[in-house]
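So the chains spell out like this:
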Amino acid sequence: MSTLAAATASATAGAGTAPAWRHYPFFDVVPVKDAHDLSSAPDIFKATLEISTVASSSVGVLVADIHGSVHILNPDFESISSWVAHVGGRVTHMVERKGILATLGEEDSVRSPLLKIWDVVNRDKKTGAPVLLRSTKVQLSNRPHPVSTLALSASLSHLAIGFGDGAVLLYRHLDQSLSSSTSLTAVPKPRTIHDSPTEPITGLGFKESSEDSPNLSLFIVTINHVLSYQVTGKGSGGTPSVVDEIGCGLGCATMDWRSNNIVVAKDEAIFFCATEGRGACYAYEGHKSSIHTHLNYLVIVSPPFIASAASASATVRNFAARTPNYNESDITKVTVFEPENKYVAYTGTFTHDVREIISQWGQIYVLTSDGKLICLQEKSTATKLDLLYRKSLFSLALSLAKTQQLDDSSVADIHRRYGDHLYAKGDYDNAMQQFVQTIGHLQPSYVIRKFLDAQRIHNLVTYLQELHSLGLANSDHTTLLLNTYTKLKDVTRLDSFIKTEAKRNANDTDELPFDLETAIRVCRQAGYFEHASYLAKKYGRHEDYLRIQIEDAGNYKDALIYLRKLGPDAAETNLARYGRAMLESLPEETTKLLIDLCTSSGPLTVDTDGPSSAVTQKQTSAPSYLSYLALNRNSVALPTLTSDTATPPSPSIATVKPDTNSRHASLHDASRSSTPPPPTPPSATTAQPPAPPPTKRISPRIYFAHFVDHMEQFMVFLETVALRRWGQTVSEEKSPVSGLPSPSEPPVDEEADRLDQVAVWNTLLELYLTLPAKGYTGTSLNEAGLRSKAMRVLGSSTVPYDPMHALILCSSRGHTEGLVLLWEKMGMYEDVLRFWMDKDKEGAAAAPGASASAQVVAHLDRYGPDHPHLYPLVLRFLTSTPALLERHREDVKRILEYIDEEQILPPLGVVQVLSRNGVASVGLVKEWLMARIKESRAEIHNDRELINSYRLETAAKLKQVEELTDPEHPRVFHVTRCSACAGQLDLPSVHFMCNHSYHQRCLAENETECPNCAREHSVIREIRKNNERLADQHEVFISEVQEGGFETVAAAFGRGVLNMTRPQDVAS
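Here the residue numbers are simple positions, counted from 1 along each chain's written sequence. Residues qualify for local features only when their pLDDT is at least 70, as the model is predicted, and side-chain atom pairs are given and counted only at 80 or more; totals for whole chains, interfaces and linings, by contrast, use all residues. The basis for every side-chain value is the complete set of heavy atoms in the structure, and neither hydrogens nor water enter the calculation.

**Some thoughts on the nonpolar core**
Next, step 1: By size, the foremost hydrophobic cluster in this structure holds 157 residues, and its most contacted members are F27, V336, L482, L546, Y703 and F717.
Next, step 2: With residues up to four places along the chain from it excluded, the contact list for V336 reads F27, Y297, L298, V299, Y343, V344, A345, Y346, I364 and L376.
Next, step 3: In these notes, a set of buried Ala, Val, Leu, Ile, Met, Phe, Trp, Tyr and Cys residues joined through side-chain atoms within 4.5 Å is what counts as a nonpolar core. Partly exposed residues are those whose accessible area sits between 20% and 50% of the maximum for their type, while under 20% is buried and over 50% is exposed, using a 1.4 Å probe and protein chains only. Within the second largest apolar cluster, 26 residues are counted, among which are V226, V243, I270 and C273. In this analysis, two residues are considered to be in contact whenever any of their non-hydrogen atoms come within 4.5 Å of each other.

Put into structure tokens, the structure is as follows:
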């Protein structure tokens, strides 16, 4: 038995290869044993001489013998199926695609080769063999020629057969024929597409269609040429075109693993030919008997030769060194070559001829002529990469990873190792190029730590920029990159980075390649306010932009213009924070902006259009007065207060500077006049327009605290907001307030809007009463004018201020005129009278030519008829001193008469008032007392007469009751006329005990009660029933007693409400 010799590749170039090829031991040699006899090769290969051809397929290894049989082998190389494909002959060629097997063979009964097509997936139910689909002769002429090669397209649409006489037959639309007919001989008519009698066909191969080349082409290889024939598409069916003036022997041509090019093996090199012409060429010298494709490898088999110790191939020399008598027999060399990465993955020698190379199940199998089967088992990718790492062959490792289609994380790990290798060598620039390839898979901190040194900061910038361009940077990376820019003072690169238009995601055009918040913060900290404000403004970070302009750059003018561009909603929050600082720098402009903001519900007028940001805020209803302004006096940034916005603004008023009607006014100003048009009288025929929808307005209360040091602007702000928002203003006319028509748009929250009005006028009133402050040297604030405005506010019936708050203000500021006016409006008339009484006691005059006591009498005449309780107060006052009594003697008499007429006080009460001191004499009230005594005596006389009449009536009723209840004395009726018809009584007649008599015909049937007395009795019964019902309603009785006193008790006693329960009711 022959022995097998195999050697792995060395680190130097092998025999027949150019010095450029490097050898790497990427394959291990493993003998394949029989599944039942581990000491021998698979049983089917023992009769090697009887094997005619071997082919790979999707169902297993196909082995055909010289007896016409075909065997299908499993991974253990056991036959799982076999059948006789060609009876009495042998199989010469086989090719399989998608479970369809095409065989070419010879049979004794037929001179020409036979083409048979089998379905190896489906079996014949009777024989168990694959289903024979087609069987036909392959014949060019009367003289048969041997078949040299066979090719089948991947889609089964075309089949090509090459002959030894240089002819090529092409079967078109084979797949359609197989599916459309069941006849064994129904195959498409073949067409001879090439005929070269002097050049036998040595190779055929289909180039499959792809996106780049949608046409199917057929490569034809002869001993001298490589030709290309277009099978499908426009221009197909012509003459094959010569691709290259090279050729090869039989078995030395095969398609590459992508089925794009045909590989031609010549003794001097290996050529790749495409349809357009020769492609890559790899110098690999040496005789070649066959070439095969295995995945991305090419397996090259040399013809047998005698080994020599002086051979140029290290593999041959090693074989000669290990083998005695090495020159007595031939050896065959097998080389596994990787053309894309240009290295030899295996080279070995075999002491017997190599019959077949089988590429199946991801392995290479070598069948020798002595029946041995050797498996060239490829090492794992990790093992191959580890070998390359040890040799520092990182470029080859990357190429290998690409060929093996490793995942991105594995490729990134190779780049990391390569980068570490270059970093250790000090090649920092190239190392960084490798580390850049790891972004997304390697932690950035791993790379950043390596390049934090000052000498490598430029490389670090490169890495951080790439990190940002891919959108994988976090805020720390942005901080580090911007700090490196600022440290290098590289303003150009900083500008390029800040103003770049690159995006993290191509599908998301709004996403930046860096963390925006971090970029703004770092630029601010480094003093690059222009870059920070550029980012904030460009990407709508309104608060950041304003913070930079106000707190950092101090550019209040730009901040004010930017706030106008934002619109009401966004400006509301920012002005609540920066309003005080802006008032310090631009008091008039900021006041105008606040006025427009609080009176507008639409966009604010600016020079150029700007972005608008809507920030929805909730409204608060807490009151805000001037007294609260001292809170947080030293703080610039105030807590954010929110409110609902309201209607668009109307034009500026006279209290604002003359340039108020400027470009900063609302957009609505252009369409509205300073003076509202007169109202149009309603017309019955005119259709009423629909009511406008409610609108939001910002509450002015949230900005009150900003004006703590700007009272003059504060007053202008409040007066203008009141006029433009609610049509309310204090005029200089005689009337207290001249009302303007309110805006047509109703507010969203009427209660909140009412609270805003109250807060504005409360604060305005306080300003009118407190300004100007002590030490004021200006001319715009006049004390008399302000106090006059305050009086007009207090006297107004339309201005919605808080009376109690106004009362506290007037009291605390000593504004007596306002106090009197408020007392009158609030119905506190007694306080008004006491005020004038106090004035009289102080000796002050109410007005030129009028005394304070006269004002008391005058106000009593005004308020007294509606408020009688004031008369005893004034009476007590006028009789408090002899001087007052002397001046107002007639007034006292008139007051006494009015008290008597209206019965305000009983006479005894009047006497008690007058007798509290010795000022009033008896003579003053003598006549009044005499008249009261006479009236009292007359009233007593009348009461006594009524009492006597009630007693007599009661005695008569009691006597009548006694007579009616006396059973011993019969009642005699003397009535002669009917009480109903007034006619003479006749029988039958009915007499009642009440002395009424009736004809029986004048009474209704079953009448038991006198008709004349029934109504009076029913009223009395109803009254008693109501009294009994009211006797149980104690709450009603108590409330009546509280109002009427003893009179109510007496009335209830008279109605029987207080009567005790009758004994019979208790017993029942």
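**What about the sheet that holds strand β17 (residues 226-230)?**
Next, step 1: Here a strand pair is declared whenever DSSP counts at least two bridges between the two strands. Strands here mean DSSP runs of E at least two residues long; helices mean DSSP runs of H or I at least four residues long; both are numbered from the N terminus. Spatially, β15-β16-β17-β18 is the arrangement adopted by the 4 strands of the open sheet, whose pairing is antiparallel. Looking at which strands have only one partner, the edges of the open sheet turn out to be β15 (201-207) and β18 (241-244). Here the strands of the sheet are splayed against their neighbours by 30° on average, with no regard to which way each runs.
Next, step 2: With 6 bridges connecting them, β15 and strand β16 (residues 217-222) associate as antiparallel partners. Within β16, the position partnered with G205 by the bridge is F219. Axes here refer to lines fitted to C-alpha atoms; in helices the fit is confined to the stretch in contact. Angles between the N-to-C directions go from 0 to 180 degrees.

**Remarks on the pattern of salt bridges**
Next, step 1: Any carboxyl oxygen of Asp or Glu that lies within 4 Å of a side-chain nitrogen of Lys or Arg is treated as forming a salt bridge with it. According to the stated counting rule, one finds 36 salt bridges in the structure shown.
Next, step 2: D544 is the partner of R541 in a salt bridge, and the nearest nitrogen-oxygen pair spans 3.3 Å.
Next, step 3: Among the residues examined, D544 registers a relative accessible area of 14% and is labelled buried.
Next, step 4: Notably, a salt bridge pairs R932 with D900, separated by 2.8 Å at the nearest N-O pair. Here R932, found in helix α28 (residues 922-964), pairs with D900, found in helix α26 (residues 889-902); they are 32 residues apart in sequence, far enough to count as distant.

**As for the sheet that holds strand β4 (residues 61-65)**
Next, step 1: Ordered by their spatial adjacency, 4 strands build an open sheet running β3-β4-β5-β6, and the pairing between neighbours is antiparallel. Every interior strand has two partners, whereas the edge strands, β3 (51-55) and β6 (79-84), have only one. Within this sheet the neighbouring strands show an average axis-to-axis angle of 20°, counted without direction.
Next, step 2: Where β3 meets β4, 4 bridges bridge the pair, whose relative direction is antiparallel.

**Notes on the UniProt feature "domain: RING-type" (unreviewed entry) in the protein chain**
Next, step 1: UniProt positions are given in the numbering used here, feature names are shortened, and annotations may be inferred rather than shown by experiment. Feature annotation in UniProt assigns "domain: RING-type" (unreviewed entry) to the following positions: residues 978-1013.
Next, step 2: From the first C-alpha to the last, residues 978-1013 spans 14 Å; its make-up is 8% helix and 17% strand.

**Points about the packing of helix α17 (residues 711-726) against helix α18 (residues 750-770)**
Next, step 1: Where α17 contacts α18, the axes come no closer than 10 Å and their chain directions differ by 140°. Handedness of the crossing formed by α17 with α18: left-handed. Along the contact surface, α17 presents M711, F714, M715, L718, E719, A722, R725 and W726, while α18 presents D753, D756, Q757, V760, W761, T763, L764, L767 and Y768.
Next, step 2: Across the contact of α17 with α18, the residue classes break down as 11 nonpolar, 2 polar and 4 charged. Each helix crossing is assigned a hand: it is left-handed if the near helix lies turned anticlockwise from the far helix by less than a right angle, otherwise right-handed if that turn is clockwise. Polarity classes work like this: nonpolar for Ala, Val, Leu, Ile, Met, Phe, Trp, Tyr, Cys and Pro, charged for Asp, Glu, Lys and Arg, and polar for all others, with Gly in that last group.

**Quick notes on the pairing of strand β12 (residues 159-163)**
Next, step 1: Summarising burial for β12: 5 of the 5 residues are buried, a large majority.
Next, step 2: Taking every second residue as pointing to the same face, both faces of β12 are buried, with L159, I161 and F163 on one and A160 and G162 on the other.
Next, step 3: By the bridge criterion, 5 bridges tie strand β11 (residues 147-152) to β12 in an arrangement that is antiparallel. Bridged to L152 within β12 is L159.
Next, step 4: Where β11 folds back onto β12 in an antiparallel hairpin, the turn is made up of 6 residues, including L156, whose phi is positive at roughly 65°.
Next, step 5: Inspection of the sheet shows β12 paired to strand β13 (residues 167-171) by 4 bridges, in the antiparallel sense. Looking at β13, one finds that A160 is bridged to L170.
Next, step 6: Between the end of β12 and the start of β13, which pair antiparallel, lie 3 residues, with G166 showing a positive phi angle near 90°.

**As for unusual backbone geometry**
Next, step 1: That bond from L771 to P772 is cis: its omega, -10°, falls within 30 degrees of zero.
Next, step 2: With an omega dihedral of -5°, the bond running from L987 to P988 counts as a cis peptide bond.
Next, step 3: Considering the arrangement of structural elements, one finds P988 in the loop between α28 and β31 (989-991).
Next, step 4: Phi at L295 takes a positive value of approximately 50°, unusual for a residue other than glycine.
Next, step 5: Along the chain, L295 turns up in the loop between β23 (290-294) and β24 (297-301).
Next, step 6: Residue classification places L295 among the partly exposed positions, given a relative accessible area of 44%.

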